[in-house]
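# Notes for the structure review
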Amino acid sequence: MRTKALLTPFFLDKPDGGYDAYRPAAAAVNDGPLDDRATGLTRRLLPLYENIARFVADTAAAGAVPVTYNGDCVMAIPVLAGLQRAGIDPLLIWFDAHGDFNTWETTPSGFLGGMPLAMMVGLGEQTLVEGVGQIPLPMADVILTDARDLDPEEAELVAGSGIDHRQDVTALLGLELPDRPLWVHFDVDVLRLADVPAVSYPAQGGPSVDEMRRVFDHLRASGRLACLSISLPNPALDADGRSRANTLALVDALVG
């Protein structure tokens, strides 16, 4: 599998040099710019996100698998935009301890990072989606995996949507994968805290590294992986390097 990687060392609009520890040797770095003249966080992010979309589109069009290392899950929006620009219509498998399926009407916190999956399917805030030209993803093309920590109204929204919510990650081992490109989004907080403790929004439970590796082996064996996006651990919390080591080992299991 031929891959090409991009590291975007930001959490929303905050740069963080600590993410450099996760950068593969050959990876490019997306260091902006941000639009400092823009009003509001979402418009401020657009130049940074356009870089991601362009990288994914160019990499996929060249026949390689784009791998994006990101500080947060909102960066999945330009990843999808880039795949669409390259003519790829993916099935999205979203690994996350959270649903990221809030809207401004359901969120108890107002945190943009809790909304990207909803935004990508056309719900709620659409400034970033429209800004990078992302076409709303059909809900039937989304498998949300784990999402054990949902806000109350978010849980109702997930349950009433058309997305496929599989609470047990290992249930994917019995899934007959469709004959179409797969995009895996891997938020490392899906893993149990004993394996990846360096996360900003911890949730008890979750699969072990060994369970996740079995699932990733299954997905890799399909030969259909078109893209991998990773939401990285919080480098400031990774004192013993355990989260980094387990994250990179799983990335290697999926893309080599």
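Let me begin by describing the structure that accompanies this report. Treat the numbers as computed from the prediction; the structure is a model and nothing was measured. Residue numbers run consecutively from 1 along every chain, following the written order of its sequence. In keeping with the model being predicted, local features are shown solely for residues with a pLDDT of at least 70 and side-chain atom pairs are shown and tallied solely at 80 or more, while totals for entire chains, interfaces and linings include all residues. Hydrogens and water are ignored here; the side-chain numbers use all heavy atoms of the structure.

Quick look at the overall build of the protein chain now. Helix and strand definitions here come from DSSP, where helices need a minimum of 4 consecutive H or I residues and strands a minimum of 2 consecutive E residues; each element is numbered from the N-terminal end. Check the secondary structure of the protein chain and you find seven helices and 10 strands. Taking 256 residues into account, the globule formula puts the C-alpha radius of gyration at 18 Å, and the protein chain, at 17 Å, falls close to it. In terms of overall dimensions, the protein chain has a C-alpha envelope of 45 × 45 × 40 Å along the principal axes. Burial classification: accessible surface area is computed with a 1.4 Å probe over protein chains only, and a residue below 20% of its type maximum counts as buried, one above 50% as exposed, and the rest as partly exposed. Within the span of the protein chain, comprising 256 residues, buried residues form 54% of the whole. We call two residues in contact when some of their heavy atoms are within 4.5 Å. Summarising the internal contacts of the protein chain: among those between residues at least 6 apart in sequence, 70% fall at separations of at least 24. Here the protein chain has roughly 10,200 Å² of accessible surface; of this, 49% comes from carbon and sulfur atoms. In this charge count, Lys and Arg are treated as positive and Asp and Glu as negative; neither His nor the chain ends contribute. Taken as the charge centre is NZ of Lys, CZ of Arg, CG of Asp or CD of Glu, depending on the residue. Considering the protein chain, the positive charge centre built from 19 side chains and the negative charge centre built from 35 side chains are found 7 Å apart. We take the radius of gyration over the C-alpha atoms and set the globule estimate at 2.2 Å times the residue count to the 0.38 power. For accessible areas, the Shrake-Rupley method is used with a probe of radius 1.4 Å. Any residue's cover is judged against the shown protein chains and nothing else.

Glancing now at helix α6 (residues 209-221). Each α-helix turn comprises 3.6 residues. Residues three or four places apart therefore point the same way. Expected helix span is given by 1.5 Å per residue-to-residue step, counting one fewer step than there are residues. With 13 residues, α6 extends 18 Å from end C-alpha to end C-alpha; this agrees with the ideal 18 Å at 1.5 Å per step. When we look at burial in α6, the residues that qualify are Val-209, Met-212, Val-215, Phe-216 and Leu-219. Each buried residue of α6 sits inside an arc of 125° when the element is viewed along its axis, so together they form one side. Facing away from the buried side of α6, by more than 90 degrees, are the exposed residues Asp-210 and Ala-221. On its buried face, α6 sits against β6 (91-98), β9 (182-187) and α7 (242-255). Following α6 by one or two positions, Gly-223 has its phi on the positive side, about 70°. As used here, the arc is the angular range of directions from the helix axis to the C-beta atoms.

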